[in-house]
Amino acid sequence: MAPTAKRRGQHRSHPHRLQQRLIGAMARDCRQTELHPAPHSGGQGQTLIGSESGMIGDLQRRNINAAFNTLDVTGDDHIDQDDFRVRADRLRTLRPDMDDKLANDLRKTFDAWWEVIRRAADSDGDGRVTREEFTVAIDAGLEEDPAYIDQMERVAQVVAEAADLDGDGMLDRNELDLIYKAFDVDVAFSEETFRRLDRDGDGLFSTTEWAQTVRDMFSSTDRATAAAVAFGPVA
Ligand SMILES: [Ca+2]
Ligand SMILES: [Ca+2]
Ligand SMILES: [Ca+2]
């Protein structure tokens, strides 16, 4: 008698796992908190999201804080348009020969990214997003909003074009590192990401593949992808 195959698809592919997502993934180090015994392990009234680890509530808070800190480029504890302008300008300094068209594309794309966040998160309409407003928006599903995901993919594409120093439509390791530097992400993390993206081992991958990788950071929970390790190792 043939054994019945068990469907295990549900086991690891729930989209509501915040630690899998792009900027939340920057806080991957915080996964270590899962190793710490929960001091409140008997509690039953906790509002945890997900259930596998039992610590997602804490993780989520940490990830949201990490995401907020990353977006708050100016460090004034608010996200506003300046943060996105500064980030776009930083890419310009990484690429001194950037032409005006690309510089404009960068600025417009980063502005549009800010617009998506502002619309979703600036609940008091003062043109700035506080940590609290951001947390509420993420809780409400900002990172699952197709408009947000589309915009992130656009940002990734333009950033990849900016980092493509020799303009061949492909990124090499050095060009990928430029992206990491522009986003203040530890360049050490780019090594494994690069290895996974450069499938045929020729030392290059396309800017389009990079944009797709960024998209995967939101939509995929597959730990074998480049997206999974883009901001640090997964356990
Ligand atoms: Ca700021
Ligand atoms: Ca506000
Ligand atoms: Ca290139």
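Scroll up to find the structure.
Residues numbered from 1 in each chain as written. Chains lettered and ligands numbered in written order. Predicted model: local features only at pLDDT ≥ 70, side-chain atom pairs only at ≥ 80, totals over all residues. Heavy atoms only, no water.

Caption draft 1: A look at the overall build of the chain. For the chain, the count of helices and strands is 10 helices and four strands. Taken over 235 residues, the chain has a buried fraction of 45%. In the chain, once contacts between residues fewer than 6 apart in sequence are set aside, the share between residues at least 24 apart is 62%. When the accessible surface of the chain is totalled, it reaches about 12400 Å², and 49% of it is carbon and sulfur. (Helix = DSSP H or I, 4+ residues; strand = E, 2+ residues; numbered from the N terminus. Buried < 20%, exposed > 50% of the residue type's maximum accessible area, 1.4 Å probe, protein only. Contact = heavy atoms within 4.5 Å. Areas by Shrake-Rupley, 256 points an atom, 1.4 Å probe, with all protein chains shown as cover.)

Caption draft 2: Structural detail: the pattern of salt bridges. For the structure on display, the rule yields 17 salt bridges. Of the charged contacts in the structure, one is a salt bridge between Arg 95 and Asp 97, with a shortest N-O distance of 2.6 Å. For Arg 95, a relative accessible area of 10% gives the class buried. With relative accessibility at 54%, the residue Asp 97 sits in the exposed group. (Salt bridge = Lys/Arg side-chain N within 4 Å of Asp/Glu carboxyl O.)

Caption draft 3: Here's a closer look at the coordination of the calcium ion (ligand 1). All of the protein donors around the calcium ion (ligand 1) are Asp 72 (OD), Thr 74 (OG1), Asp 76 (OD), His 78 (O), Asp 83 (OD) and Asp 83 (OD); their distances to the metal are 2.2 to 2.5 Å. What the six donor atoms of the calcium ion (ligand 1) show is an angle range of 52 to 164° at the metal, which sorts the shape as irregular. Between the donor residues of the calcium ion (ligand 1), the gaps in sequence give the motif D-x1-T-x1-D-x1-H-x4-D. Taken together, the positions of Asp 72 in the loop between helix H2 (56-71) and strand E1 (78-79) and Asp 83 in helix H3 (residues 81-94) put the pair 11 residues apart, joining distant regions of the chain. With respect to class, Asp 72 is no different from Asp 83; both count as buried. (Donors = N, O, S within 2.8 Å, 3.2 Å for Na, K, Ca; no water. Tetrahedral: all angles 85-135°; square planar, octahedral: opposite > 155°, others 65-115°.)

Caption draft 4: Geometry of the environment of Gly 127. Note on placement: Gly 127 falls in the loop between helix H4 (100-121) and strand E2 (129-130). A residue is classified by how much of its surface remains accessible, and Gly 127, at 31% relative accessible area, is partly exposed. C-alpha of Gly 127 to C-alpha of Asp 80: the two residues are 47 residues apart in sequence and 6.7 Å apart in space.

Caption draft 5: Looking closely at the coordination of the calcium ion (ligand 3). Coordination sphere of the calcium ion (ligand 3), protein contribution only: Asp 164 (OD), Asp 166 (OD), Asp 168 (OD), Met 170 (O), Glu 175 (OE) and Glu 175 (OE), at 2.3 to 2.7 Å. Taken together, the six donor atoms surrounding the calcium ion (ligand 3) define angles of 49 to 156° at the centre, an arrangement classified as irregular. A relative accessible area of 25% means that Met 170 is categorised as partly exposed.

None of this, on its own, says anything about what the molecule does.
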